[in-house]
Amino acid sequence: MSAVFRLALAAWLLAIASPAFAGQATVAVASSLQFAFPALVERFRAQGGAPLRINYGASGTFRRQIAQGAPFELFLSADEQSVLALHEAGFTEDAGRVYAVGRLAWIQPAGRGALPSEEEALSGVEAAIAAHRAGHGRPRVALANPEHAPYGIAARQALEQAGLWEASAPLRVMGENVSQAARFALADEARGGLVAYSLALAPTLAERAEHVLIPADRHAPLRQRMALMPGASESARALYAWLQGEEAREILARFGFQPPTADGA
């Protein structure tokens, strides 16, 4: 553990222990939920749920931080492996539950060329590669970093399946998480990007962008799993239970998430 991380962690622990944060459950939330989770929290609080301290980021980064002692009580990952690996190492209470299944989408600035069809969802990448090879600039293609972001892994799988991973290398720009990748995808120099469908549906992005779903068979399923940490507070446990209910799933569906299988395992 680096000295910088130890200092940051110590400051965090002090903040959480202070009266200002008393009773708040500390939750690590994947960036794919950045727009959906506030709606979930609003309903949870309206039904008597306790205040929450929410942290958004890449699932792989949270996995590393939890293994290093970060004081999260509940972790909502954008994949299964981050949670299952923590469970195997003894950092979670159990294997947790799948709470949603995500989708990958191509997003591009409105008016930035023809929107691809779902059958040819990666034609925007192909167009960017062709333009670059013809000497017409360097149109960027954004995605989350596959080293620690599940939606980045899915984006890489989709590009590899289409034979575009190597060819797109000079054009790729990586976000630290999928939310940052969505911002990069809408930058002036970008052709577009591969991001979470839930972000493409968010009003703040949808009003200035276009999107198309990537067929689900182009990448491994984005089964999103959550788990409690040992010693989690009653507030965190209440949220964990509520997120498995029908109302939470209806809210998630509005943001493009599919429900888990019946048992959620």
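An account of the accompanying structure is given in this report. (Residues numbered from 1 in each chain as written. Predicted model: local features only at pLDDT ≥ 70, side-chain atom pairs only at ≥ 80, totals over all residues. Heavy atoms only, no water.)

## Re the overall build of the protein chain
- Within the protein chain, the secondary structure is distributed over 11 helices and 10 strands.
- Taken over 265 residues, the protein chain has a buried fraction of 51%.
- Looking at the protein chain alone, contacts between residues at least 24 apart form 77% of all its contacts between residues at least 6 apart.
- When the accessible surface of the protein chain is split by element, carbon and sulfur atoms take 53% of a total near 11500 Å². (Helix = DSSP H or I, 4+ residues; strand = E, 2+ residues; numbered from the N terminus. Buried < 20%, exposed > 50% of the residue type's maximum accessible area, 1.4 Å probe, protein only. Contact = heavy atoms within 4.5 Å. Areas by Shrake-Rupley, 256 points an atom, 1.4 Å probe, with all protein chains shown as cover.)

## Here we look at the packing of aromatic side chains
- Enumeration over the complete set of coordinates arrives at three aromatic pairs.
- With 6.0 Å between their ring centres and 70 degrees between their planes, Phe62 and Phe75 make a pair best called edge-to-face. Of this pair, Phe62 sits in helix α3 (residues 59-67) while Phe75 sits in strand β3 (residues 74-76); the two residues are 13 residues apart in sequence, bridging distant segments of the chain.
- Feature note: the residues Phe62, Phe72 and Phe75 constitute an aromatic cluster, connected by ring pairs. (Phe/Tyr/Trp six-rings, centres within 6.5 Å; stacked < 30°, edge-to-face > 60°.)

## Describing the layout of surface pockets
- What the largest pocket holds in volume is close to 300 Å³.
- Lining the largest pocket are 20 residues, and of these Asp79, Gln81, Ser82, Pro150 and Ile153 lie nearest its centre.
- Broken down by element, the lining of the largest pocket gets its largest block of residues, four residues, from helix α6 (residues 150-161).
- The residue inventory of the lining of the largest pocket, partitioned by class, reads nine nonpolar, five polar and six charged. (1 Å grid on protein atoms, 1.4 Å probe; cavity = no way out; pocket = protein on both sides within 12 Å on 5 of 7 lines; lining within 4 Å. Points joined across faces, edges and corners; volume = space filled by probe spheres on them. Nonpolar A, V, L, I, M, F, W, Y, C, P; charged D, E, K, R; others polar.)

## Some remarks on empty space enclosed by the protein
- Inspection of the entire model under this criterion finds one cavity of 30 Å³ or more.
- Taken as a whole, the largest cavity spans an internal volume of roughly 50 Å³.
- Around the largest cavity, the lining residues are Ala30, Ser31, Ser32, Gly57, Ala58, Ser59, Ala78, Ala149, Pro150, Tyr151, Asn177 and Val178.
- For the lining of the largest cavity, the per-class residue count stands at seven nonpolar, five polar and no charged.

## Concerning the nonpolar core
- Counting 69 residues, the largest nonpolar core has Val27, Leu33, Phe37, Leu74, Leu76, Leu239 and Leu243 as its most contacted members.
- Broken down by element, the residue count for this core peaks at six residues, all from helix α2 (residues 36-46).
- Here Leu33 is in contact with Pro38, Tyr56, Leu76, Tyr99, Gln224, Leu252 and Phe257, once residues within four sequence places are set aside.
- Residues Ala70, Phe72, Phe75 and Ala227 belong to the second largest nonpolar core, which totals 10 residues. (Core = buried A, V, L, I, M, F, W, Y, C linked by side-chain atoms within 4.5 Å.)

## Some points on a negative patch on the surface
- A cluster of acidic residues, Glu118, Glu119, Glu120 and Glu126, forms a negative patch at the surface.
- Structurally, Glu118 is set in the loop between β5 (104-109) and α5 (123-133).
- Since its relative accessible area comes to 36%, Glu118 is described here as partly exposed. (Patch = residues over 30% accessible without salt bridge, like charges linked within 9 Å, V, L, I, M, F, W, Y side chains within 5 Å. Salt bridge = Lys/Arg side-chain N within 4 Å of Asp/Glu carboxyl O. Lys, Arg positive; Asp, Glu negative; His and termini not counted. Charge placed at Lys NZ, Arg CZ, Asp CG, Glu CD.)

## A closer look at the pattern of salt bridges
- Evaluation of the coordinates by the stated rule reveals six salt bridges.
- Here Glu247 and Arg43 are joined by a salt bridge, their closest N and O atoms 2.7 Å apart. In this pair, Glu247 is assigned in helix α11 (residues 246-254) and Arg43 in helix α2, connecting sequence segments 204 residues apart.
- Judged by its relative accessible area of 27%, Glu247 is partly exposed.
- For Arg43, a relative accessible area of 34% corresponds to the partly exposed category.
- Residue Glu80 pairs with Arg223 through a salt bridge whose shortest N-O separation is 2.8 Å. With Glu80 in the loop between β3 and α4 (81-88) and Arg223 in strand β10 (residues 222-228), this pair connects stretches of sequence that are 143 residues apart.
- Three or more residues joined by partner-sharing salt bridges are found here, namely Glu80, Arg223 and Arg225.

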